[in-house]
Amino acid sequence: MVTCIAPALTQTVSGVIISEVDQQPLPGASISVRNATTGTITDIDGKFSINANANDSLEVSFLGFETLIVKVDLSSVMNLTLTEKKTTLSEVVIMGYSSKTQKELTASVSTLKADKLTQISSPNVENMLQGQVAGLTVSSSSGQPGTAADIRIRGITSINADKPPLFVVDGMIGGNFVPNDVESLTVLKDAAAIGLYGSAGSAGVIIVTTKQGTTEKPIVSFTARAGVKEAVTGNFQMMNGAQLYEAQAAMWGDNLVSFLSNRPEDLEDLNYDWLDAGFERAPLQNYNLSVRGKTQGVTYGFSADYYDEKGTFINTDYQRLNLNGNLKFNINKKLSFHTDINAQFTEDNVNFYSWFEDVFWNMPWDNPYDSNGELYGPKYVTNPSNDWYGQFRRSYLYSADYNELGSTGTSIVWSNRAKYDITSWLSAEVRTRLDAYNFSFSEYYAPNTDEGLATNGFVGVNNGGGYGISSTHFLRFNKAYGSHNFSAFVAHEGGYSTSNTLNFAGQNLSSATIKVPAGASEIITSDAGFGISYSGISYISEASYSFMNKYFANAYYRRDGSSLFAAEKRFGNFYGGSLGWLVSEEGFLASSDLIDIFKLRVSYGLTGNSNIPPYLDLATYNITRNYNGQPAGEPNNPANPFLGWETTKMGNVGFDLEILRSSINLSVDLYQKSVEGMLLNNPLPFSSGYQSRTENIGDMRNRGIEAALTYQKSFGDFKYSANVNFAFNQNEITKITDVLDQQTVQAGAIQQINIVGQEAFQWYMPKWIGVNPDDGTPLWETVEYDENGNETSRGTTGNYNEADFQAVGSALPTLTGGISNNFSYKGIGLSFLFTFQGGNDIYHYTREFVDSDGANTGINLMQLQDGWSRWEQAGDDATHPQLKRGGNNGAHQTSSRYIEDGSFVRLRNVTLSYSLPGKLLKNIGMRNATIGINADNLWTYTQFSGMDPDVGLSVGSYTLPGLSYLKYPISKQYAISFTAEF
């Protein structure tokens, strides 16, 4: 038998390769015969011609598109369509006023999906962002339930007018939302991204996109989370009875008779833990129910969210009910209308500041309970004949059973958007938002408590409310001409806001059970309050251009007007531009097997800041005074007819890189933010009758680098991803005034200083040298200067009043970041999030009282940390002076002794989850279901001696950036969550 094999027939195959996106030809596409050396590329019109056998397969590829493999058929003509590769370049980024694909972006932005946020148990998105975005500093100023974190993007924005970033919800400034309703967050950082928001966005912008209906069939979703929390005390520990007794014995020294007469020996065995009594394990729970979907012409979504969190400190809690509904009507092919309404109701109870003092200061020898287990009241505690050793003779536990301090609030936001497509390339849009709110803050001190004893009870109420309206009107253009793409919009925006408060306070209550103002027989305040209103107007424009989808340019211009400034200074002009180059689309990288995406970005622009109270340009008067029994007024604020905008100039250079089939992504940005005409409080001569006036006098600069590196890879059913992000930021004051080169800010006795050429918010106080080894007394530094103000020498002194005030450390962190790891295998997921911060110094103000070397013998002391030591005899090289009753030469007074390194690394979150198998869920009518176990703040590494090194960045009447004083500690939290969709 003879077998004959017929040769394959060779034929010429020709055709055109086009893009599925715009049906345009793809010049330079590669066509090759698989398992052969034959190949060609398309010409400028996307045409090709190649020789192939009838049983061959052709492989067609083009950068940015999925590779296509097709079998050669008997036809000699094969027209093929390539599908765009679903990379990050095709992802849409919501910018608020507009949206762009990652390919078109020329700005510095970061986007987080909802699953990266809701692993952490918190009612606020702000707390969930820590360690998740490069350049974003998130500081937990308090563990009080419901308190949002301090956020700064690329450093502080100002000194007296500093502020957090602007939140934009579903394209409109402001609004309410809850974490469970969030689809994604986009953080805008540079001028190209935030410039369109003008003064409102000068500190950065966080765009919140909420979940919308996406499927024809309605999706019902239910999420439940329940857990328990306990206070994190860090390295901080108070002395027990025996330790305190030993310490006080040392304070008395050789005067044993006096010591024993004041401190009987049996005190050593008494040990009531006031810190432990004030804190307790506390529950938290959160439930969210939603239904979303769409029918013909209508998209809808409704949700209800309830959050309830008890505080770890007694009598503190937070509850919130959030109701949200949205509807979108596609009225016809040209007209659409979107409306949503949100109602939020809150209630909380907060701690009394004196209770927090007593937690730390009360002595372990004072037991608040009598022999019958009943709490002692103030009449017993304050009676000198009774044994009570604490200096302040208070029992917060007794007060906690009677006193109340809390608030309620209601907020309603109604938003509307209407869009009309005039042509395929021209559209008009109107967005409006109405919001209204009210609140009531009340305090009640029962007559039988320490706080109400002197006044026979006290009741105070602060009621307030307000409303606002904003409206933005757009005309948009978007058109392509071959390889040229143009888009632009012009807009007009206006807004008005008004608010008012009314206060009432009374004392001498007729009954301890009456907790309303009507029960007070003596009125202290009945007509105090204020009302303020302000308005703004803006003209906005943006233009974008791209060529061949690889060269991009963007420019914006915004003119803002605000009633907060003087009549001649109310309008400010802010503008900028950016360029982008998608280098990976160039021919020299088109065939790279390593680089998938490489884009360069550069931007520069101006934004403004108007974060000041109203009426500072006017001469105002305080009319709450009385003179000779008649109403009277006194000057309150001097006029400033030149008060105007604070301006920030921002520059940014960055790149985005994806390699190895987009398994590794790297984004790096270098930036500079220069603030000019800073709104500062300028001291005035005493002869003026005023202390200071707000003026445009200071300049400041932030420079830094930030980077984010992501790796993601799948190995069959096993998937792994990791992210590392970090940012270095260096702050510098470049000007104070034309005649002054420094300025101080103060909270109580604690001062910070801003000096030209140095960082803002440096601690300003005597410099602690240490302990004199000869006699255990404190030493501070002195600085000598010549007649020209030049430093000549430095020395030491044991007299606090001779020590020189100087800058001794900065409160601002220079390094922030986070590290996350995510593992998944067949429905099982495990994730870790670490956060870190460094370069900042904390003033541990609490130590002035509880680490005072005997200055306050009626206050408990903290235990010495590892590495600390107490001077006891000549020659000792100690960190702490000798204990002396009444203090040791003022060693406890404000100095750099209490400044500590604020660096830390924290295990912020661990989440273990399991998604039930699809086959099982299908049988019970569910789309998906996930069970999770979440743990927050499990571990912190720090040298800081306090409860928590994560301190706030805000300036206030009683606080400064980096100041730690009796902070409500954050919590370790353990929660179980369940999410189901039907």
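Residues numbered from 1 in each chain as written. Predicted model: local features only at pLDDT ≥ 70, side-chain atom pairs only at ≥ 80, totals over all residues. Heavy atoms only, no water.

Looking at an unreviewed UniProt entry, one finds the chain named SusC/RagA family TonB-linked outer membrane protein, with Portibacter lacus as its source organism. The Sequence similarities (unreviewed entry) field of the UniProt record for the chain holds the comment "Belongs to the TonB-dependent receptor family." (UniProt positions renumbered as here; feature names shortened; annotations may be inferred.)

> How should the sheet that holds strand S41 (residues 791–797) be read in this particular structure?
What holds strands together in a sheet is hydrogen bonding between their backbones, with the strands either parallel or antiparallel. If you trace the three strands from one edge of the open sheet to the other, you get S39-S40-S41, paired in antiparallel fashion. Only two strands of the sheet have a single partner each, and these edge strands are strand S39 (768–771) and S41. Geometrically, the sheet is characterised by an average inter-axis angle of 25 degrees between neighbouring strands, direction not taken into account. Relative to S41, strand S40 (residues 778–785) runs antiparallel, the two sharing six bridges. For valine 783, the partnering residue across the bridge sits in S41 and is arginine 794. (Pairing = 2+ DSSP bridges. Helix = DSSP H or I, 4+ residues; strand = E, 2+ residues; numbered from the N terminus. Axes fitted to C-alpha atoms, helices over the stretch in contact; angles between N-to-C directions.)

> Explanation requested: the packing of aromatic side chains in the structure shown.
Any two aromatic rings considered together are summarised by their centre-to-centre distance and by the angle between their planes. Taken as a whole and assessed by the stated rule, the structure comprises 52 aromatic pairs. On the numbers, 5.5 Å between centres and 80 degrees between planes, the contact of phenylalanine 236 with phenylalanine 360 is edge-to-face. Taken as a pair, phenylalanine 236 in the loop between strand S17 (219–231) and helix H3 (241–252) and phenylalanine 360 in helix H6 (residues 353–361) lie far apart in primary sequence, 124 residues in all. When sorted by exposure, phenylalanine 236 lands in the same class as phenylalanine 360, which is buried. Relative to phenylalanine 356, the ring of phenylalanine 313 has its centre 4.7 Å away and its plane inclined at 65 degrees; by these criteria the two rings are edge-to-face. Pair noted here: phenylalanine 313 is in the loop between strand S19 (298–310) and strand S20 (317–330) and phenylalanine 356 is in helix H6, with a separation of 43 residues, a long-range link. Judged by relative accessible area, which is 0%, phenylalanine 313 ranks as buried. Residue phenylalanine 356 is classed as buried on the basis of its relative accessible area of 3%. Between arginine 476 and the ring centre of phenylalanine 474, over which it is positioned, the NZ or CZ distance is 4.4 Å. It is arginine 906 that lies over the ring of phenylalanine 904; its NZ or CZ is 5.2 Å from the centre. (Phe/Tyr/Trp six-rings, centres within 6.5 Å; stacked < 30°, edge-to-face > 60°. Buried < 20%, exposed > 50% of the residue type's maximum accessible area, 1.4 Å probe, protein only. Lys NZ or Arg CZ within 6 Å of the ring centre and 35° of its normal.)

> Can you help me understand H3 in this one?
One full turn of an α-helix is made of 3.6 residues, so residues set three or four places apart face in the same direction. In a regular helix each residue adds 1.5 Å, so 12 residues correspond to 16 Å; H3 covers 17 Å between its end C-alpha atoms and thus fits that length. Along its buried surface, H3 packs onto helix H4 (256–262). Phi turns positive, to about 65 degrees, at glycine 253, one or two residues after H3. (Expected span 1.5 Å × (residues − 1). Contact = heavy atoms within 4.5 Å.)

> Just checking my understanding: could you explain the confidence of the model for the chain for this structure?
Caution applies to low-pLDDT regions: their predicted coordinates should not be interpreted in detail. Summarising the model, the chain shows a mean pLDDT of 90, and 98% of its residues fall at 70 or more. Predicted confidence is poor over residues 1–7, with pLDDT under 50, and the contacts of this stretch with residues over four places away or in other chains come to zero contacts. (pLDDT = per-residue confidence, 0-100.)

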